[in-house]
Amino acid sequence: MRTATQLRLEAAWQALRQWLGATVLPAQCALCGIGCPQVLCPPCRAQYLGLLRPRCRQCANPLDDVATLCGRCLRHRPAYDATVTAFDYAAPIDQLLLQLKFGARLALAPLLAKLLYVAIQQQPAWEAPQLLCPVPLGPTRLAERGFNQALEIARPLARLMDVPLQPRLAQRVRETRAQSGVAPQERQANLAHAFAIAPEHAPSLQGCHVGIVDDVMSSGHTVNALAAACKSAGAARVSILVVARTPPH
(Lines give C-alpha, C1' and ligand atoms only; values in the text may rest on other atoms or scores of the structure.)
Protein backbone atom coordinates (compact mmCIF):
# COMPACT_ATOMS: atom_id res chain seq x y z
CA MET A 1 0.00 0.00 0.00
CA ARG A 2 1.28 3.44 -0.88
CA THR A 3 2.08 5.79 1.97
CA ALA A 4 0.72 9.30 2.37
CA THR A 5 4.13 10.66 1.35
CA GLN A 6 4.10 8.59 -1.84
CA LEU A 7 0.59 9.80 -2.67
CA ARG A 8 1.62 13.43 -2.16
CA LEU A 9 4.67 12.92 -4.36
CA GLU A 10 2.54 11.35 -7.09
CA ALA A 11 0.08 14.23 -6.92
CA ALA A 12 2.94 16.73 -7.14
CA TRP A 13 4.42 14.89 -10.11
CA GLN A 14 1.03 14.88 -11.88
CA ALA A 15 0.66 18.61 -11.26
CA LEU A 16 4.15 19.21 -12.64
CA ARG A 17 3.37 17.16 -15.75
CA GLN A 18 0.21 19.17 -16.33
CA TRP A 19 2.14 22.42 -15.91
CA LEU A 20 4.81 21.27 -18.33
CA GLY A 21 2.19 20.24 -20.85
CA ALA A 22 0.63 23.69 -20.69
CA THR A 23 3.86 25.69 -20.78
CA VAL A 24 6.57 23.70 -22.53
CA LEU A 25 4.30 22.29 -25.22
CA PRO A 26 2.13 24.73 -27.19
CA ALA A 27 -1.58 24.07 -27.65
CA GLN A 28 -1.04 22.53 -31.07
CA CYS A 29 -0.34 19.14 -32.58
CA ALA A 30 3.35 18.23 -32.39
CA LEU A 31 3.23 16.84 -35.93
CA CYS A 32 0.95 18.95 -38.11
CA GLY A 33 0.79 22.13 -36.00
CA ILE A 34 -3.00 22.39 -36.03
CA GLY A 35 -4.55 23.93 -32.93
CA CYS A 36 -5.17 21.08 -30.50
CA PRO A 37 -5.32 20.77 -26.71
CA GLN A 38 -3.55 17.41 -26.96
CA VAL A 39 0.02 16.66 -27.98
CA LEU A 40 -1.23 14.88 -31.09
CA CYS A 41 -4.45 15.69 -32.91
CA PRO A 42 -6.92 12.85 -33.61
CA PRO A 43 -6.26 12.84 -37.41
CA CYS A 44 -2.49 12.41 -36.88
CA ARG A 45 -3.07 9.67 -34.33
CA ALA A 46 -5.37 7.84 -36.73
CA GLN A 47 -3.03 8.24 -39.70
CA TYR A 48 0.34 7.48 -38.16
CA LEU A 49 -0.26 5.45 -35.00
CA GLY A 50 -2.09 2.35 -33.90
CA LEU A 51 -1.51 0.35 -37.08
CA LEU A 52 -0.11 -3.07 -36.25
CA ARG A 53 2.15 -4.77 -38.77
CA PRO A 54 3.88 -8.16 -38.72
CA ARG A 55 7.25 -7.92 -37.00
CA CYS A 56 10.03 -10.25 -36.00
CA ARG A 57 9.35 -11.35 -32.44
CA GLN A 58 13.01 -11.01 -31.52
CA CYS A 59 14.22 -7.79 -33.21
CA ALA A 60 10.91 -6.11 -34.29
CA ASN A 61 11.99 -5.62 -37.89
CA PRO A 62 8.97 -5.52 -40.21
CA LEU A 63 8.01 -8.78 -41.89
CA ASP A 64 6.07 -9.44 -45.07
CA ASP A 65 4.15 -12.32 -43.52
CA VAL A 66 3.26 -13.76 -40.13
CA ALA A 67 6.59 -15.53 -39.55
CA THR A 68 7.69 -15.13 -35.94
CA LEU A 69 11.41 -14.59 -36.64
CA CYS A 70 13.23 -12.82 -39.45
CA GLY A 71 16.02 -14.50 -41.40
CA ARG A 72 18.69 -12.43 -39.68
CA CYS A 73 17.62 -13.53 -36.19
CA LEU A 74 17.38 -17.14 -37.33
CA ARG A 75 20.97 -16.99 -38.61
CA HIS A 76 22.48 -14.93 -35.79
CA ARG A 77 20.48 -14.87 -32.56
CA PRO A 78 21.05 -11.64 -30.63
CA ALA A 79 21.64 -11.53 -26.88
CA TYR A 80 18.12 -10.19 -26.25
CA ASP A 81 15.04 -12.41 -26.43
CA ALA A 82 12.26 -10.11 -27.66
CA THR A 83 11.63 -6.57 -28.89
CA VAL A 84 8.51 -4.41 -28.79
CA THR A 85 8.24 -1.11 -30.65
CA ALA A 86 5.48 1.45 -31.04
CA PHE A 87 6.15 2.51 -34.64
CA ASP A 88 8.69 2.66 -37.44
CA TYR A 89 11.25 5.45 -37.26
CA ALA A 90 10.14 7.30 -40.38
CA ALA A 91 8.79 10.72 -41.33
CA PRO A 92 6.76 12.41 -40.06
CA ILE A 93 6.30 10.50 -36.80
CA ASP A 94 10.06 10.52 -36.19
CA GLN A 95 9.69 14.22 -35.37
CA LEU A 96 8.33 13.29 -31.95
CA LEU A 97 11.63 11.64 -31.05
CA LEU A 98 13.76 14.30 -32.70
CA GLN A 99 11.95 17.03 -30.75
CA LEU A 100 12.50 15.15 -27.51
CA LYS A 101 16.13 14.21 -28.11
CA PHE A 102 17.50 17.32 -29.78
CA GLY A 103 14.87 19.91 -28.90
CA ALA A 104 14.70 19.00 -25.20
CA ARG A 105 10.89 18.84 -25.34
CA LEU A 106 10.75 16.57 -22.32
CA ALA A 107 6.97 16.83 -22.08
CA LEU A 108 6.83 14.51 -25.10
CA ALA A 109 8.34 11.65 -23.08
CA PRO A 110 5.05 10.62 -21.34
CA LEU A 111 3.30 10.48 -24.73
CA LEU A 112 6.04 8.26 -26.19
CA ALA A 113 5.92 6.05 -23.11
CA LYS A 114 2.14 5.73 -23.49
CA LEU A 115 2.45 4.77 -27.17
CA LEU A 116 5.02 2.14 -26.27
CA TYR A 117 2.83 0.85 -23.44
CA VAL A 118 -0.10 0.44 -25.84
CA ALA A 119 2.13 -1.55 -28.20
CA ILE A 120 3.26 -3.75 -25.30
CA GLN A 121 -0.33 -4.48 -24.31
CA GLN A 122 -1.07 -5.65 -27.84
CA GLN A 123 1.63 -8.33 -27.78
CA PRO A 124 0.27 -11.88 -27.59
CA ALA A 125 1.44 -13.92 -24.60
CA TRP A 126 3.50 -10.99 -23.33
CA GLU A 127 5.72 -11.72 -20.35
CA ALA A 128 6.33 -8.54 -18.36
CA PRO A 129 9.90 -7.85 -17.21
CA GLN A 130 10.69 -7.70 -13.53
CA LEU A 131 12.56 -4.39 -13.82
CA LEU A 132 13.30 -1.70 -16.40
CA CYS A 133 16.76 -0.42 -17.31
CA PRO A 134 17.18 2.62 -19.60
CA VAL A 135 20.14 2.59 -21.97
CA PRO A 136 22.70 4.82 -20.19
CA LEU A 137 24.54 7.72 -21.78
CA GLY A 138 28.22 8.33 -21.25
CA PRO A 139 29.16 11.22 -18.91
CA THR A 140 30.30 13.47 -21.77
CA ARG A 141 27.14 13.11 -23.85
CA LEU A 142 24.95 13.37 -20.77
CA ALA A 143 26.65 16.64 -19.82
CA GLU A 144 26.23 17.98 -23.35
CA ARG A 145 22.55 17.07 -23.65
CA GLY A 146 21.56 17.61 -20.04
CA PHE A 147 19.27 14.57 -19.88
CA ASN A 148 19.02 10.95 -21.00
CA GLN A 149 16.07 10.55 -23.36
CA ALA A 150 15.86 6.81 -22.61
CA LEU A 151 15.46 7.53 -18.90
CA GLU A 152 12.84 10.22 -19.57
CA ILE A 153 10.78 7.62 -21.45
CA ALA A 154 11.48 4.83 -18.95
CA ARG A 155 10.14 6.80 -15.97
CA PRO A 156 6.51 7.10 -17.12
CA LEU A 157 6.69 3.67 -18.77
CA ALA A 158 7.66 2.06 -15.45
CA ARG A 159 4.64 3.68 -13.79
CA LEU A 160 2.31 2.50 -16.56
CA MET A 161 3.67 -1.05 -16.36
CA ASP A 162 3.92 -1.01 -12.56
CA VAL A 163 7.47 -2.34 -12.87
CA PRO A 164 10.45 -1.10 -10.81
CA LEU A 165 12.84 1.24 -12.62
CA GLN A 166 16.58 0.78 -12.07
CA PRO A 167 18.19 3.85 -13.71
CA ARG A 168 21.65 3.00 -12.34
CA LEU A 169 21.60 -0.71 -13.08
CA ALA A 170 23.92 -0.32 -16.08
CA GLN A 171 26.80 2.04 -16.71
CA ARG A 172 28.42 3.13 -19.92
CA VAL A 173 32.04 2.51 -18.96
CA ARG A 174 33.52 3.52 -22.28
CA GLU A 175 32.67 6.65 -24.25
CA THR A 176 31.58 5.69 -27.75
CA ARG A 177 30.89 7.62 -30.90
CA ALA A 178 27.23 8.17 -31.79
CA GLN A 179 26.10 5.14 -33.75
CA SER A 180 24.49 7.38 -36.36
CA GLY A 181 27.97 8.68 -37.27
CA VAL A 182 29.61 5.26 -37.47
CA ALA A 183 29.79 3.12 -40.61
CA PRO A 184 27.46 0.10 -40.42
CA GLN A 185 30.35 -2.37 -40.50
CA GLU A 186 32.01 -0.60 -37.55
CA ARG A 187 28.99 -0.25 -35.25
CA GLN A 188 29.38 -3.52 -33.41
CA ALA A 189 33.05 -2.79 -32.63
CA ASN A 190 32.10 0.73 -31.51
CA LEU A 191 29.93 -0.76 -28.72
CA ALA A 192 32.32 -3.53 -27.66
CA HIS A 193 32.74 -3.54 -23.85
CA ALA A 194 30.85 -0.24 -23.61
CA PHE A 195 28.46 -1.33 -20.84
CA ALA A 196 28.85 -2.87 -17.41
CA ILE A 197 26.41 -3.77 -14.67
CA ALA A 198 26.88 -1.81 -11.45
CA PRO A 199 28.32 -4.25 -8.88
CA GLU A 200 25.75 -3.32 -6.23
CA HIS A 201 22.91 -4.30 -8.61
CA ALA A 202 24.42 -7.50 -10.01
CA PRO A 203 22.86 -9.80 -7.35
CA SER A 204 19.36 -8.63 -8.29
CA LEU A 205 19.88 -9.79 -11.89
CA GLN A 206 20.21 -13.48 -11.07
CA GLY A 207 17.45 -15.25 -12.99
CA CYS A 208 15.76 -11.91 -13.68
CA HIS A 209 13.78 -10.76 -16.73
CA VAL A 210 15.15 -7.30 -17.64
CA GLY A 211 13.40 -4.77 -19.86
CA ILE A 212 15.84 -2.43 -21.64
CA VAL A 213 14.26 0.89 -22.65
CA ASP A 214 15.50 3.14 -25.46
CA ASP A 215 14.14 5.74 -27.84
CA VAL A 216 15.24 4.38 -31.23
CA MET A 217 16.62 1.01 -32.33
CA SER A 218 18.51 1.00 -35.63
CA SER A 219 21.14 -1.70 -36.13
CA GLY A 220 20.43 -3.08 -32.68
CA HIS A 221 24.09 -3.16 -31.64
CA THR A 222 23.56 -0.80 -28.68
CA VAL A 223 20.76 -2.77 -27.04
CA ASN A 224 22.48 -6.05 -27.95
CA ALA A 225 25.66 -4.97 -26.14
CA LEU A 226 23.67 -3.98 -23.06
CA ALA A 227 21.62 -7.19 -23.21
CA ALA A 228 24.84 -9.21 -23.36
CA ALA A 229 26.11 -7.40 -20.25
CA CYS A 230 22.85 -8.23 -18.44
CA LYS A 231 23.04 -11.88 -19.47
CA SER A 232 26.69 -12.08 -18.36
CA ALA A 233 25.60 -10.75 -14.95
CA GLY A 234 23.01 -13.49 -14.57
CA ALA A 235 19.82 -12.20 -16.25
CA ALA A 236 17.68 -15.05 -17.57
CA ARG A 237 15.77 -13.01 -20.17
CA VAL A 238 16.09 -9.57 -21.76
CA SER A 239 13.32 -7.75 -23.63
CA ILE A 240 13.91 -4.57 -25.61
CA LEU A 241 11.25 -1.86 -25.25
CA VAL A 242 11.92 0.80 -27.85
CA VAL A 243 9.66 3.61 -29.04
CA ALA A 244 10.71 3.43 -32.70
CA ARG A 245 12.40 0.88 -34.94
CA THR A 246 14.39 1.96 -37.99
CA PRO A 247 13.26 -0.22 -40.91
CA PRO A 248 16.08 -2.02 -42.76
CA HIS A 249 17.30 -0.31 -45.90
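Remember, it's a predicted structure, so these values are computed and weren't measured experimentally. (Residues numbered from 1 in each chain as written. Predicted model: local features only at pLDDT ≥ 70, side-chain atom pairs only at ≥ 80, totals over all residues. Heavy atoms only, no water.)

1. So, helix H5 (residues 109-121)
Working step 1: Compared with an ideal rise of 1.5 Å per residue, which puts 13 residues at 18 Å, H5 spans 18 Å between its outermost C-alpha atoms and is within 8% of the ideal.
Working step 2: Buried within H5 are the following residues: Ala109, Pro110, Leu111, Leu112, Ala113, Leu115, Leu116, Tyr117, Ala119 and Ile120. (Helix = DSSP H or I, 4+ residues; strand = E, 2+ residues; numbered from the N terminus. Expected span 1.5 Å × (residues − 1). Buried < 20%, exposed > 50% of the residue type's maximum accessible area, 1.4 Å probe, protein only.)

2. What about the nonpolar core?
Working step 1: Counting residues in each nonpolar core, the largest one holds 35 residues, and the members touching the most others are Phe87, Leu157 and Leu241.
Working step 2: Taken together, the elements giving at least two residues each to this core come down to strand E1 (82-88), helix H4 (94-103), H5, helix H7 (149-161), strand E5 (209-217) and strand E6 (237-245).
Working step 3: Here the element with the most residues in this core is H5; it accounts for nine residues.
Working step 4: Each residue touching Phe87, except ones within four places of it in the same chain, is listed here: Leu49, Arg55, Ile93, Leu97, Leu112, Leu115, Val243, Ala244 and Arg245.
Working step 5: Cys56, Leu205, Ala227 and Val238 belong to the second largest nonpolar core, which has 31 residues in total. (Core = buried A, V, L, I, M, F, W, Y, C linked by side-chain atoms within 4.5 Å. Contact = heavy atoms within 4.5 Å.)

3. Quick notes on the packing of H4 against H5
Working step 1: The N-to-C vectors of H4 and H5 enclose an angle of 140 degrees; their axes lie 10 Å apart at closest approach. The angle between the axes of H4 and H5 places the two elements in the oblique class. Pair H4 / H5 crosses with left-handed handedness. Taken together, the residues of H5 that come into contact with H4 (itself represented by Leu96, Leu97 and Leu100) are Ala109, Leu111 and Leu112. (Axes fitted to C-alpha atoms, helices over the stretch in contact; angles between N-to-C directions. Parallel < 35°, antiparallel > 145°, perpendicular 65-115°, else oblique. Left-handed = near helix turned anticlockwise from the far one by under 90°.)

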